[in-house]
Amino acid sequence: MQNDESLSYSKSGVNIDETDAVKRDMASNIGRGDSRVLNKLGAFGSLVDGRFEGYDHPILVLKTEEPGSKQKLAFEHGSVTSIAYDLVNHLINDIIVMGADPFYVQDCIVCGKLDPPVVKALVGGIADACEAQGCTLTGGETSVQPGVVEDGVYILSASAIGVVDKDNIIDGSEIEEGDAVLALASNGLHTNGYTLVRALLENKPELIDRDIQGVSFLDMILRPHQCYYQPLKGLFKDESLKGLAHITGGGIQDNLSRILPETCQAVIDLSLLQVLPIFKTIRAEGLVPEDDMLRTFNMGVGMTLVCAQNSVARIKAHLQSAGCQAYPIGRIVKGERGVVFTGKLRW
């Protein structure tokens, strides 16, 4: 007979049978018909056929990402599926700026207490987001850590593998004086600046219901991070495309600088930026200095693209035909590597 004071794993907060049942329920989301995935859920690691047809010299592009403090807001407001798309889309955007096609994603879900419907929705959402971009969820890790992570809190991350031909890598090395800088429009905050936004909501909770372009402030800030793979993939082998920068934390200044050669400077005219209304509201309600806005948020620019000046019209037309709004915001000049702002933001 077991003593009432005896310990067990389930009494400590981890029910192995329940966790295993949830993991078995994930099986249909793993692989999803990709014949290159050679084993299924339950193996200690994912086996994937490493032959990549259509690539002369395949180079792997590896990346790990997480959706930041946006996930706290998402779970608090039941936006489970949308945060799954945030995780995958941000991850893929970081891979495609090098001209890579995304192939495989592995997720990691850490929680204090496992809620089967929540985890099922998360994994299903991650698999759906992968499928929408032509890649595959191959597995991952679900870790229950009571006493380490609070009940109801989920901490997400994911890793991805992309592939690009060595001769087609986009790394900014071909950027030169006279090239143009285009903005690819964002659909909102994406996954950056949420610590500031959460602080704003703590001070002004009534903002949650504020109307922004016909939707609530809350719905606007929980819009999933936009993925740019579908509009961009047809340009990866275009020699006129010189560089791509995903605009995340640090804004245009920090992220565009990462792809510039040492002798090139990007001059960005702030008056050309199409600042979204959500950023205008955050600035006004939080009394946020303009410099902070530019370093914290994408300001309506989810990606910057550097291309030859004579290709601007063609590239812009290609992107817009794929549903991606694009417009010129600057140029490349000789100078010390970095980004220089001119003009004034149109608030």
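Here, every reference points to the structure presented above.
Think of each chain on its own: its residues are numbered from 1, step by step along the sequence as written. Totals for whole chains, interfaces and linings use every residue, but because this is a predicted model, local features are given only for residues with pLDDT of at least 70 and side-chain atom pairs only at 80 or more, for both listing and counting. Note that water and hydrogens are dropped before the side-chain values are worked out from all heavy atoms of the structure.

**Q** Which residues make up the overall build of the protein, and what are the values?
**A** Counting from the N terminus, the helices are DSSP H or I runs at least four residues long and the strands are E runs at least two residues long. The helix and strand tally for the protein stands at 12 helices and 12 strands. Exposure is judged per residue with a 1.4 Å probe applied to protein chains only, and the accessible area is read against the type maximum: over 50% gives exposed, under 20% gives buried, and values in between give partly exposed. Counting across all 347 residues of the protein, residues that qualify as buried make up 52%. Pairs at least 24 residues apart make up 85% of the contacts formed inside the protein by residues separated by at least 6 positions. Total accessible area on the protein is roughly 16,300 Å²; 49% of this is exposed by carbon and sulfur atoms. Working rule for contacts: check all heavy atoms of both residues, and any pair within 4.5 Å makes them a contact. The method behind every accessible area is Shrake-Rupley, applied with a 1.4 Å probe, and residues are considered shielded solely by the protein chains displayed.

**Q** Before we move on, can you summarise the environment of Thr138 with the specific residues and values?
**A** By the element assignment, Thr138 lies in strand S3 (residues 136-144). Judged by its relative accessible area of 6%, Thr138 is buried. The sequence separation of Thr138 and Ser46 amounts to 92 residues, and the corresponding C-alpha distance is 6.4 Å. Counting of polar contacts relies on pairs of N or O atoms within 3.5 Å, with two restrictions inside protein: one atom must be capable of donating a hydrogen and the other of accepting it, and residues adjacent in sequence are counted only when both atoms are side-chain atoms. Within the structure, Thr138 has its side chain in polar contact with the side chain of Gln106 (distance 2.9 Å).

**Q** Go over the sheet that holds strand S11 (residues 326-334), please, and point to the residues and values.
**A** Only strands that DSSP links by at least two bridges are regarded as paired with each other. Pairing in this open sheet of 6 strands is mixed, and the strands run S8-S10-S5-S11-S9-S12 from one edge to the other. Strand pairing shows two members of the sheet lacking a second neighbour, strand S8 (241-246) and strand S12 (338-342), which therefore form its edges. Within the sheet, the average angular offset between the axes of one strand and its neighbour, ignoring direction, is 30°. Note: S8 against strand S10 (residues 301-307), 5 bridges, orientation antiparallel. Bridging from a neighbouring strand, His246 pairs with Met303 of S10. To obtain each axis, a line is fitted to C-alpha atoms, and for helices this fit is confined to the stretch in contact; angles are then taken between N-to-C directions over 0 to 180 degrees. Across the sheet, helix H4 (residues 80-96) is in contact with S8 and S10; its angle to S8 comes to roughly 150°.

**Q** How would you sum up the packing of aromatic side chains? Please name residues and give values.
**A** Stacked, edge-to-face and tilted are the three classes for Phe, Tyr and Trp ring pairs, Trp counted by its six-membered ring, which pair at centre distances within 6.5 Å; planes under 30 degrees apart are stacked, over 60 edge-to-face, the rest tilted. Applying the stated criterion across every chain yields a total of 6 aromatic pairs. Ring centres of Tyr229 and Phe236 lie 6.3 Å apart, and the angle between their planes is 35°; this geometry places the pair in the tilted category. Across the pair, Phe236 and Tyr229 agree in class, each one buried. Three or more aromatic residues joined by ring pairs make a cluster, and in this case those are Phe52, Tyr55, Phe103 and Tyr104. Two limits define a charge over a ring: the Lys NZ or Arg CZ must be within 6 Å of the ring centre, and within 35 degrees of the ring normal. The ring of Trp347 carries Arg283 above its face, with NZ or CZ at 4.4 Å from the centroid.

**Q** Before we move on, could you go through the side chain of Asp86 and cite the residues and values that matter?
**A** With respect to the helices and strands, the residue Asp86 is situated in helix H4. Under the relative-accessibility criterion, Asp86 is labelled buried at 0%. Within the local environment of Asp86, its side chain forms a polar contact with the backbone nitrogen of His225, the two atoms lying 2.6 Å apart. In this view, Asp86 contacts Pro67, Lys70, His190, Thr191, Arg223, Pro224 and His225; residues no more than four positions away in its chain are not counted.

**Q** Tell me about helix H12 (residues 312-321), residues and numbers included.
**A** Taken as a whole, H12 has its buried residues at Val312, Ile315 and Leu319. With its buried residues spanning 75° around the axis, H12 presents them on a single face. Exposed and oriented more than 90 degrees from the buried face of H12 are Ala313 and Ser321. Close packing links the buried residues of H12 with strand S5 (180-185), helix H8 (229-232), S10 and S11. Gly323 sits one or two positions beyond H12 and adopts a positive phi of about 85°. By arc we mean the arc of the directions from the helix axis to the C-beta atoms, nothing more.

**Q** How would you explain the sheet that holds strand S2 (residues 101-111) if you had to name every residue and give the values?
**A** Spatial ordering of the open sheet is given by S1-S4-S2-S3, a layout of 4 strands whose pairing is mixed. Looking along the sheet, the strands with just one partner apiece sit at the ends: strand S1 (58-65) and S3. Adjacent strand axes in the sheet meet at a mean angle of 15°, parallel and antiparallel pairs treated alike. Bridge count between S2 and strand S4 (residues 154-165): 10 bridges; the pairing is antiparallel. Its bridge partner being in S4, Asp107 is matched across the sheet by Ala158. Along the sheet, H4 makes contact with S1, S2 and S4, crossing S4 at roughly 30°. Lying over the sheet, helix H5 (residues 116-132) contacts S2, S3 and S4, oriented at roughly 165° with respect to S2.

**Q** Go over the nonpolar core with me, naming the residues and quoting the values.
**A** A general tendency of soluble globular proteins is for nonpolar side chains to be buried together. Definition of nonpolar core: a set of buried residues of the types Ala, Val, Leu, Ile, Met, Phe, Trp, Tyr and Cys, connected through side-chain atoms within 4.5 Å. Ile221, Leu232, Leu256, Leu273, Ile278, Ile282 and Leu305 are the most contacted members of the largest nonpolar core, which totals 98 residues. Of the residues forming this core, the biggest block, 9 residues, is contributed by H4. Discounting chain neighbours no more than four positions away, the residues touching Ile282 are Leu189, Leu196, Val197, Leu200, Phe217, Leu287, Val288, Met293 and Phe297. Core analysis: the second largest hydrophobic core is formed by 6 residues, Val37, Phe52, Tyr55 and Tyr104 among them.

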